[in-house]
Amino acid sequence: MIGNVTVGGDAPITVQSMTKTDTRDISATMRQVRALAEAGCHIVRLAVPDLEAATALKAIRHNSPVPIVADIHFDHRLAIAAIGSGVDGLRINPGNISRAEHLRTVVSHAGQRNIPIRIGVNAGSLPRDYRPDQPLAERMVALALDQVRMLEAMDFRLIKVSLKASDVLTTVDAYRLIADRIPYPLHLGVTEAGPPICGAIRNSLGIGILLQMGIGDTIRVSLSGDPLLEVDAGNEILRSLGLLSQGASVISCPTCGRTTLDVSSLATRVSERLRTVKEPIRVAIMGCVVNGPGECEHADVGIAGGEDKVLVYRSGAFIHSVSSDNAYDAIIREIDLLLSARSGAADWNAR
Ligand code: SF4
């Protein structure tokens, strides 16, 4: 359990992200934590660079709608301070907290409060002299296993493990190599994965391959960009693999010379509007009648560009047409009606 969220076993795969604010700035960090939670993030991790940040975690944890994990590097005393602030989990990096007595102190405090520890191995911070002759994925696994055994020897088993590299195939190899060797949940991710498009692709491949192999319990998509995009990407990976039914799925065509509708801007606006919707809803936004009606017939709400009008679909059936200037309003109206009907507040068919 990370707070009230189950990770591992038969529990649903959870999506995590990390704040990008200065943790010492409590109000800015709280705004981001809340936005992440509203976007569907189950667990939020925060950097703890110093004691002031560790102390700030107390107010943040108190006000957070989701469990908070403290990300600790170098100084084990920050882990102890974060535990004192009431965090729900710790991430430590065995590459930079390696002294056994320091680890023992952290484990003792975590054990007293039942706080899980993620052993977060990162290819970028492996000790240089650690098994230098072995392939990178094997070095990462060996380091994680060393740390797991150390925690087990201290009679601590609230363990999660991650083995992240910026290279997709190294990441996949590392998780594959460790999956059958430990009984603990695995936190998946490709790290330092780049700006949003590149990073989303690398993470989709790495995380997607592993989840499809049955490996992994919780995921974080690392992007150089807005953390809300990390949550969007994580949830979309799960939806694409049939591991999540909640939330909006927007289908839109790539557009071409036949397009009679500004699909790109409509799809972006509708996706943003639906970001916090938890209901499963499929929305199709299509540029013309070549593939438009077919996709709209498989969607809860759809629009397709017509000759001089936009065709609006509800539950797969054409209902009426509007001018392209009114396309956004028409689709949002249908979505709102659908969501109201599902919540029992309106009859969707009684327009
Ligand atoms: S649906 Fe129409 S506009 Fe969109 S890509 Fe296909 S042919 Fe082009």
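Every value quoted in this text rests on a predicted model; they were computed, and no experiment measured them.

A. Local environment of the overall build of the protein. Helix and strand content of the protein: 11 helices and 13 strands. Viewed in the frame of its principal axes, the protein has a C-alpha envelope of about 75 × 45 × 35 Å. Buried residues in the protein amount to 42% of all 351 residues. Taking as baseline every contact in the protein between residues at least 6 positions apart, the subset at least 24 positions apart corresponds to 61%.

B. Molecular detail of the pairing of strand 5 (residues 117-122). Most of strand 5 is tucked away, with 6 of its 6 residues classed as buried. Here strand 5 shows a buried face lined by Ile117, Ile119 and Val121 and a second buried face lined by Arg118, Gly120 and Asn122. The pairing of strand 4 (residues 89-92) with strand 5 spans 3 bridges and is classified as parallel. When the sheet's bridge partners are listed, Arg91 is paired in strand 5 with Arg118. Where strand 5 lies against strand 6 (residues 159-164), 6 bridges are found, and the strand directions are parallel. Bridged to Ile117 within strand 6 is Ile159.

Calculation criteria
Residues numbered from 1 in each chain as written. Predicted model: local features only at pLDDT ≥ 70, side-chain atom pairs only at ≥ 80, totals over all residues. Helix = DSSP H or I, 4+ residues; strand = E, 2+ residues; numbered from the N terminus. Buried ≥ 20, exposed ≤ 12 C-beta atoms within 10 Å, placed from the backbone. Contact = placed C-beta atoms within 7 Å. Pairing = 2+ DSSP bridges.

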